[in-house]
Every structure is written in C-alpha cells, then in structure tokens.
Amino acid sequence: MYEVLVEKANDGICIIQDGIIKYANPKVFEIGGYEKDEIIGKHFIQFIAPEEKEKVLQLYEKRTRGEKVEDIYETILIGKDGRRIFVQITVAIIDYEEHPAELVIIRDITEKKEMEKSLNRVRKNIVFWRKIAQMEYFLLLVINQYMPILPSSRFWVRNLSMI
C-alpha cells in the first residue's frame, strides 16, 4: 500500500543516504526530466543550482550531525535541459536499510514563483500609474488656482480625486 502511495504521489519523493540518492519515485524524474539511471546512485548536490549549493549542503550536513535545522525550505534545482526548477523541500530523518537517511519530498513551485513575479510586476505598475494620476490631479489643482477650469478639467479633477 505504501509503495503505491509513494509511486503515485504528486510530489517527488526520494531517499538520500550519505549524500547519495538511493531511491526516487517517478515524479522526481518528471520534475527534472532525468532518467532513473541519471539520478539513482548520484550525489544529490549535483542537481542543485550553483548559487544554492552551499546553503543546501550546510542544511544537509547539520541535519546529519543531529543539529536542529528547518525541515521545510525552498531551493532551486537544475533540470536535465538546464532549466531552473523552483522547489519546496520537506525533509525527515528515517532509517533506511538499517542506516540513517533523509526522506525528501520535492514539490515543484516554479509556476507559483512565476505567478508571484508577475503579480509583483503588476503591483509595481499599479503604484507607478497611481503616482502619475496623483501628479496629474495635483497639477490640475495648481492650474485651477491660476486659470479658469475648463469643462474637461472639471471631469478630471472630480475623477482623479478618487485615487
């Protein structure tokens, strides 16, 4: 029953022992685009983005020494085709073949990260255009002090004041 659960999981699940990937479910291969023989028996660090390697290795080493470290964190993997894959990692220490190992759950959050990036761009654009509208409103108020209000400027003063 557990085998079916792990094999059919929507998240990647792997077992790492002494830094070597001992087991990986099909989702791990799908996430990275690798074949089984390209992952099993390899050191896990080779699949981590260069700028993330030090952080991930430190977490791994501290965890294997029994130090308290975060069990859930985000990092970046490198797919077979070179693409960057943003993932959330959840780790637990287990016994595997009578030796300590890490059970690692890998959730692909690339799409979520891209949506967050797009949302931030939209927010910045909204702030920019709001500032422009506020400046236009201020300029209309200043012009109103020194010139009679034209019918079209009355519309803008009334509508821009809502911003």
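Residues numbered from 1 in each chain as written. Predicted model: local features only at pLDDT ≥ 70, side-chain atom pairs only at ≥ 80, totals over all residues. Heavy atoms only, no water.

## Comments concerning unusual backbone geometry
Logical step 1: One non-glycine residue, D18, lies in positive phi territory at about 55°.
Logical step 2: Relative to the helices and strands, D18 resides in the loop between β1 (12–17) and β2 (20–24).
Logical step 3: Its relative accessible area of 67% is what places D18 among the exposed residues. (Helix = DSSP H or I, 4+ residues; strand = E, 2+ residues; numbered from the N terminus. Buried < 20%, exposed > 50% of the residue type's maximum accessible area, 1.4 Å probe, protein only.)

## Observations regarding empty space enclosed by the protein
Logical step 1: Enumeration over the complete set of coordinates arrives at 1 cavity of 30 Å³ or more.
Logical step 2: Here the largest cavity is characterised by a volume of approximately 320 Å³.
Logical step 3: Contributing to the lining of the largest cavity are 25 residues, with F44, F47, I48, L77 and I106 lying nearest its centre.
Logical step 4: Those elements giving two or more residues to the lining of the largest cavity turn out to be β1, α2 (26–32), α4 (53–64), β3 (72–78), β4 (84–96) and β5 (99–108).
Logical step 5: In terms of residue class, the lining of the largest cavity is built from 20 nonpolar, 3 polar and 2 charged. (1 Å grid on protein atoms, 1.4 Å probe; cavity = no way out; pocket = protein on both sides within 12 Å on 5 of 7 lines; lining within 4 Å. Points joined across faces, edges and corners; volume = space filled by probe spheres on them. Nonpolar A, V, L, I, M, F, W, Y, C, P; charged D, E, K, R; others polar.)

## Here we look at the nonpolar core
Within soluble globular proteins, side chains that are nonpolar tend to cluster in buried spots.
Logical step 1: Counting residues in hydrophobic clusters, the biggest one holds 25 residues, and the most contacted among them are C14, I21, I39, F44 and I106.
Logical step 2: Breaking this core down by element, the ones donating at least two residues are β1, β2, α2, α4, β3, β4 and β5.
Logical step 3: Those residues within four positions of F44 in sequence are excluded, and the remaining contacts are I16, G19, I21, V56, L57 and Y60. (Core = buried A, V, L, I, M, F, W, Y, C linked by side-chain atoms within 4.5 Å. Contact = heavy atoms within 4.5 Å.)

## Regarding the sheet that holds β2
Logical step 1: Overall, antiparallel pairing links the 5 strands, which are arranged β2-β1-β5-β4-β3 in an open sheet. Two strands close off the open sheet at either side, each with one partner strand: β2 and β3. Put simply, the sheet's adjacent strands are angled 40° from each other on average, direction ignored.
Logical step 2: Pairing of β3 with β4, which is carried by 7 bridges, proceeds in the antiparallel orientation. (Pairing = 2+ DSSP bridges. Axes fitted to C-alpha atoms, helices over the stretch in contact; angles between N-to-C directions.)

These values are about where atoms sit, not about what they do.
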